[in-house]
Amino acid sequence: MSKSPITCHVLDSSLGKPAKGVQVQVQEYHEVAKDTAVFSPLAESKTNEDGRCMDLCPKTKSEEATVEGAKLKAGKLYKVVFKTKEYFESTGRKCFYPWVEITFEVENPSEHYHIPLLISPYSYTTYRGS
C-alpha cells in the first residue's frame, strides 16, 4: 500500500514543536440543490507524535487514490478540518480558532496533496506542501 494522496503536518509554532493528537477530517463537497451545497465527511484521523497525519486517504490495492473507498475526483472540492481547540485545551491553553478548515481543489487525482498547518493559540497559516 502506498502513501495516502492527502496528508498533513501540524506544527505548534508557539512552542516550536509538532502538534500531537489533533483530530483531522477530510470532507467532500456536494451540490444538493441550486444554491445549496454541503461538505460530507469521508475520513478521519489524528496527528501522530511528529504532528503528521499520513493515513487520511489510503490507496486501494489497485493503487487508486481513495478516501474510505471513494476515488478522488479531478475538479472536485475537498476540505480538511483540523480540530485545534481540543489540542490547545490538552496543553492547558485557550485558543481563538476552535477549528481550521482548509478547502482545496483536486486538479489531478494522481498527485499528492500535502497540507501543512502552522498553529498558535491566536493564528494559523497553511500552504501546499510537497
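Residues numbered from 1 in each chain as written. Predicted model: local features only at pLDDT ≥ 70, side-chain atom pairs only at ≥ 80, totals over all residues. Heavy atoms only, no water.

Convention followed: UniProt positions are given in the numbering used here, feature names are shortened, and annotations may be inferred rather than shown by experiment.
Per an unreviewed UniProt entry, the protein chain goes by 5-hydroxyisourate hydrolase and derives from Laetiporus sulphureus 93-53. UniProt, in the comment section headed Catalytic activity (unreviewed entry), describes the protein chain in these words: "5-hydroxyisourate + H2O = 5-hydroxy-2-oxo-4-ureido-2,5-dihydro-1H-imidazole-5-carboxylate + H(+)". For the record of the protein chain, the UniProt heading Sequence similarities (unreviewed entry) holds the text "Belongs to the transthyretin family. 5-hydroxyisourate hydrolase subfamily."

### Observations concerning the nonpolar core
For the record, the criterion: In these notes, a set of buried Ala, Val, Leu, Ile, Met, Phe, Trp, Tyr and Cys residues joined through side-chain atoms within 4.5 Å is what counts as a nonpolar core. Relative accessible area decides the class of each residue, using a 1.4 Å probe on protein chains only: under 20% of the type maximum gives buried, over 50% gives exposed, and in between gives partly exposed. Here a helix means four or more residues in a row that DSSP labels H or I, a strand means two or more in a row labelled E, and each is numbered from the N terminus. Any two residues whose heavy atoms approach within 4.5 Å are treated as being in contact.
If you look at the biggest cluster of nonpolar residues, it comprises 25 residues, and the most contacted ones within it are I6, V24, L56, V80, F82 and F104. Secondary-structure elements contributing two or more residues to this core are β1 (6-12), β3 (23-33), β8 (76-83), α1 (84-90), β9 (100-106) and β10 (113-120). In contact with I6, other than residues within four places in its own chain, are V26, L56, C57, L72, V80, F104, H112 and Y113.

### Examining unusual backbone geometry
Here the phi dihedral of D35 falls at roughly 65°; this positive angle occurs in a residue that is not glycine. With respect to the helices and strands, D35 occurs in the loop between β3 and β4 (36-46).

### As for the environment of K76
Mapped onto the secondary structure, K76 falls in strand β8. Along the sequence, K76 and Y29 sit 47 residues apart, while their C-alpha atoms lie 7.2 Å from each other. Filtering out sequence-adjacent residues up to four positions away, K76 remains in contact with E28, Y29, H30, F104, E105 and V106.

### Focus on the pattern of salt bridges
Oppositely charged side chains may form a pair once their charged atoms are brought near each other. Rule in force here: Whenever a carboxyl oxygen of Asp or Glu lies within 4 Å of a side-chain nitrogen of Lys or Arg, that contact is scored as a salt bridge.
Evaluated as defined, the whole model comprises 7 salt bridges. For D50, the salt bridge goes to R52, with nearest N and O atoms at 2.8 Å. Here the salt bridges do not stand alone but share partners, grouping E28, K73 and K76 into one network.

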